[in-house]
Amino acid sequence: MRFDVALGAAALLTACAPKVEEPAGPAFSRVVVISVDTLRRDRLTRYAPDGRSLTPVLDEMMNEGFVLDDHHSCASWTYPSALCVATAQSTLDLGFVPQVAGADDVVLYEGGAPTISDWMREAGFATALVSANGFLCSAAGAGTFDLELCGSGVASDVTAAALAFAAQQAASKRSFLHVHYLDPHQPYRAPPEFLEGQSELPSTPFDYQSTAGLVEIEVAWPDLTTEERAAVVANLDFAYDAEVQYVDQQIGVLLDGLRALDMLDDALVLFWADHGEQLTDHGQIGHARTLYVEETATAAFFWASRDVPAVAWSEPTTHADLVPTLLSLLGLDVPLNQITGQIIGTSAPDRIVIQSLASRDQLIAATRGDLHLIYNLNGEKALYRTSVDPTEQDNVYDPADPDVIAIWDVLAPMALRFADLTGATMVAPGP
Ligand SMILES: [Zn+2]
């Protein structure tokens, strides 16, 4: 189904336009952004291959909301991913590629591009940010919000802090609240009430609730038997899924709290996950490792109790599109001359979206339709057809494939820019 967001928002504003001369304000007086760290898309019932329901709160919102069903992160770790959302530009477009490094060693973007925080303040919104991930704060424009809490904390701490900020914002005519949950990020330590059934899992020698334990699994993985691997995956999935269930529950508590403050009826909610997580899918555990689908395909949707139609948007979208679409749904000016993201519904259905990662490997990837081409600047190339190979196990790269050649037409200049920004040597770019 096609839904023209720009026209939809315009029609909405026209319908709501007051009869007096006073200019119409934003279509919603409350904007709530909920983001979740390290949330695999296949853990949401809508995308779960086995149909399991771990996320009833998010599931219900998605059933009612405007859902981006072919959505991709710009990167597979928090900082570039969140920077892409906040600035509505990929890091390649910003001319800045952060290199994965220790928490104190990452060079942060200082280019001064405006962010969602700037645009919301200009539109008269009181702004607040709560995040348990400092990288998210840095990317989202920490220092520019009226209220900020950046640091650590489990999901219930984040919810409590967010609701305290919301209570302070209640008296404001317009408010913008960004809440970022970290919990699905390792170590996977969900509260005990989400661990029922753990004792029934097959026994293994590993600790799934510590980062050191996960490293031990990665080291041991190549030498494990098929049965041992199955036992590890069962335990790993259980620990990770418990975290997902916990965050979903806390999003429910957050929404109930906002409703009790009378701040949900006129709210537009944007949900996004910064990136996914490998759980041995390609022999590793974690993220910022690769650009495979489990790390880069992410969930994103818009929801409101009114005026946002239930839409399943099947064309490719990327994190840079979220804020321009949000601004459009609000009926605010979209600063198209300052961004490279697009208002959803205004781009070509066959557009190519790009992901990149500067880590142990220098990787850049392009998605078009069900094709995912991953290029390692060391010369390795892979192509996956996700419609028949949704977990990207079967590399079908063929340099003579017309689809491969067509993707390279777009990917090649982006790879050159990526190589320039990372200083990496590019081996055999092109089909
Ligand atoms: Zn993250």
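As the structure is a computational prediction, the values presented were derived from the model and not from experiment.

Novice: Explanation requested: the overall build of the protein chain in the structure shown.
Specialist: The number of helices and strands found in the protein chain is 12 helices and 16 strands. Overall, the protein chain is about 70 × 50 × 40 Å in size when its C-alpha atoms are taken along their principal axes. Per-residue burial for the protein chain yields a buried fraction of 47% across its 431 residues. Summarising the internal contacts of the protein chain: among those between residues at least 6 apart in sequence, 68% fall at separations of at least 24.

Novice: Please explain the sheet that holds strand β16 (residues 381-385) as it appears in this structure.
Specialist: Within a sheet, each strand pairs with its neighbour through backbone hydrogen bonds, oriented either parallel or antiparallel. Sheet architecture is open: 4 strands sit in the order β13-β14-β15-β16, paired in antiparallel fashion. Each having just a single partner strand, β13 (353-358) and β16 make up the two edges of the open sheet. Strand-to-strand twist of the sheet, defined as the mean angle between neighbouring strand axes without regard to direction, takes the value 15 degrees. As paired elements, strand β15 (residues 371-376) and β16 share 5 bridges and run antiparallel to each other. Bridge pairing links Y375 to K381 in β16. With respect to the sheet, helix α12 (residues 402-422) is in contact with β13, β14 (362-368), β15 and β16, its orientation differing from that of β14 by roughly 150 degrees.

Novice: Could you clarify how one ought to interpret unusual backbone geometry in this entry?
Specialist: Excluding glycine, most residues fall at negative phi; most peptide bonds, likewise, are trans. In this structure, the amide linkage connecting Q186 to the following residue, P187, adopts the cis form with an omega of 0 degrees. If you trace the backbone, P187 turns up in the loop between β6 (175-181) and α8 (211-220).

Novice: I'm lost on the sheet that holds strand β1 (residues 30-36) in this one. Help?
Specialist: Taken together, the 8 strands give an open sheet; going across it, the order is β5-β4-β6-β1-β7-β10-β2-β11, and neighbouring strands pair in mixed fashion. Two strands lie at the open edges of the sheet, namely β5 (147-150) and β11 (311-313), each paired on one side alone. Sheet twist, expressed as the mean angle between neighbouring strand axes with direction ignored, is 10 degrees. Sheet analysis places strand β2 (residues 66-68) next to β11, joined by 3 bridges and oriented parallel. The residue of β11 that forms the bridge with V67 is A312.

Novice: I keep staring at the environment of R306 and nothing clicks. Help me out?
Specialist: Summarising the element assignment, R306 is placed in the loop between β10 (300-304) and β11. Residue R306 is classed as exposed on the basis of its C-beta count, with 11 C-beta atoms lying within 10 Å. For the pair R306 and G197, spaced 109 residues apart in sequence, the C-alpha separation works out to 39 Å.

Novice: Sorry if this is basic, but what is going on with the pairing of β5 here?
Specialist: Sheet topology places strand β4 (residues 126-131) next to β5; 4 bridges connect them, and they run parallel. Looking at β5, one finds that A128 is bridged to L147. In this region the chain leaves β4, passes through helix α6 (residues 134-140) and returns to the parallel neighbour β5; the handedness of that crossover is right-handed.

Novice: What exactly am I supposed to notice about the packing of helix α7 (residues 155-169) against helix α9 (residues 226-260) here?
Specialist: Packed helices, taken two at a time, are described by the angle their axes make and the gap between the axes. For the pair α7 and α9, interaxial distance at closest approach is 9 Å and the crossing angle is 15 degrees. As the angle between them shows, α7 and α9 are arranged roughly parallel. As α7 packs across α9, the resulting crossing turns out to be right-handed. Contact with α7, carried on its side by A155, S156, T159, A162, L163 and A166, involves Y246, V247, Q250, V253, L254, G257 and L258 of α9 and no other residues of that element. Looking at the contact of α7 with α9 residue by residue, the class counts come to 9 nonpolar, 4 polar and no charged.

Novice: Is there a simple way to explain the nonpolar core in this structure?
Specialist: The tendency in soluble globular proteins is for nonpolar side chains to be buried as a group. One finds V31, L268, V269 and F301 to be the most contacted residues of the largest nonpolar core, which totals 124 residues. At 12 residues, the largest contribution of residues to this core is made by α9. Both domains that meet at this core, namely domain 1 (5-350) and domain 2 (361-422), each give it at least three residues. Those residues in contact with L268 that sit more than four places away from it in its chain are F28, V31, F302, A304, V308, L329 and L330.

Novice: Can you walk me through the packing of helix α2 (residues 56-64) against α9 in this structure?
Specialist: Remark: α2 packs on α9, axes separated minimally by 7 Å, with the N-to-C direction vectors making an angle of 65 degrees. Across the interface between the two elements, P56, V57 and L58 of α2 pack against D248, I251 and G252 of α9. Of the residues contributing to the contact of α2 with α9, the split by class is 4 nonpolar, 1 polar and 1 charged.

Novice: What is the right way to look at helix α11 (residues 322-330) in this model?
Specialist: Spacing of three or four residues puts side chains on the same side of an α-helix, whose turn is 3.6 residues. Most of α11 is tucked away, with 9 of its 9 residues classed as buried. Every buried residue belonging to α11 is among L322, V323, P324, T325, L326, L327, S328, L329 and L330, and all of these are buried. At the exit of α11 stands G331, carrying a positive phi of roughly 80 degrees.

Novice: Got a minute to help me understand the domain arrangement of the protein chain in this structure?
Specialist: For an interface, size is often stated in terms of accessible area lost upon the parts coming together. For the protein chain, the assigned domains read domain 1 (5-350) and domain 2 (361-422). Between domain 1 and domain 2, the contact holds 12 residues from the first and 15 residues from the second. Split into classes, the residues belonging to the side of domain 1 that touches domain 2 amount to 7 nonpolar, 3 polar and 2 charged.

Novice: What should I look at first to understand the pairing of β1 in this one?
Specialist: Regular strands have side chains that alternate between both faces of the sheet. Most of β1 is tucked away, with 7 of its 7 residues classed as buried. The alternating pattern of β1 places R30, V32, I34 and V36 and V31, V33 and S35 on opposite faces, both of which are buried. As judged from the 7 bridges shared by β1 and β6, these two strands associate in the parallel manner. Paired with V36 across the two strands is Y181, which belongs to β6.

Novice: Would you take a moment to explain helix α3 (residues 78-87) for this structure?
Specialist: Where burial is concerned, most of α3 is hidden: 10 out of the 10 residues are buried. Among the residues making up α3, those that are buried are T78, Y79, P80, S81, A82, L83, C84, V85, A86 and T87. Looking at the packing, one finds that the buried side of α3 touches α4 (91-94), α5 (116-122), α6, β7 (267-273) and α11. In the segment just after α3, A88 is the residue with positive phi, at about 60 degrees.

Rules and cut-offs
- Residues numbered from 1 in each chain as written.
- Predicted model: local features only at pLDDT ≥ 70, side-chain atom pairs only at ≥ 80, totals over all residues.
- Helix = DSSP H or I, 4+ residues; strand = E, 2+ residues; numbered from the N terminus.
- Buried ≥ 20, exposed ≤ 12 C-beta atoms within 10 Å, placed from the backbone.
- Contact = placed C-beta atoms within 7 Å.
- Pairing = 2+ DSSP bridges.
- Axes fitted to C-alpha atoms, helices over the stretch in contact; angles between N-to-C directions.
- Right-handed = clockwise from strand over helix to strand, strands pointing away.
- Parallel < 35°, antiparallel > 145°, perpendicular 65-115°, else oblique.
- Left-handed = near helix turned anticlockwise from the far one by under 90°.
- Nonpolar A, V, L, I, M, F, W, Y, C, P; charged D, E, K, R; others polar.
- Core = buried A, V, L, I, M, F, W, Y, C linked by C-beta atoms within 7 Å.
- Domains from an automatic or database assignment.

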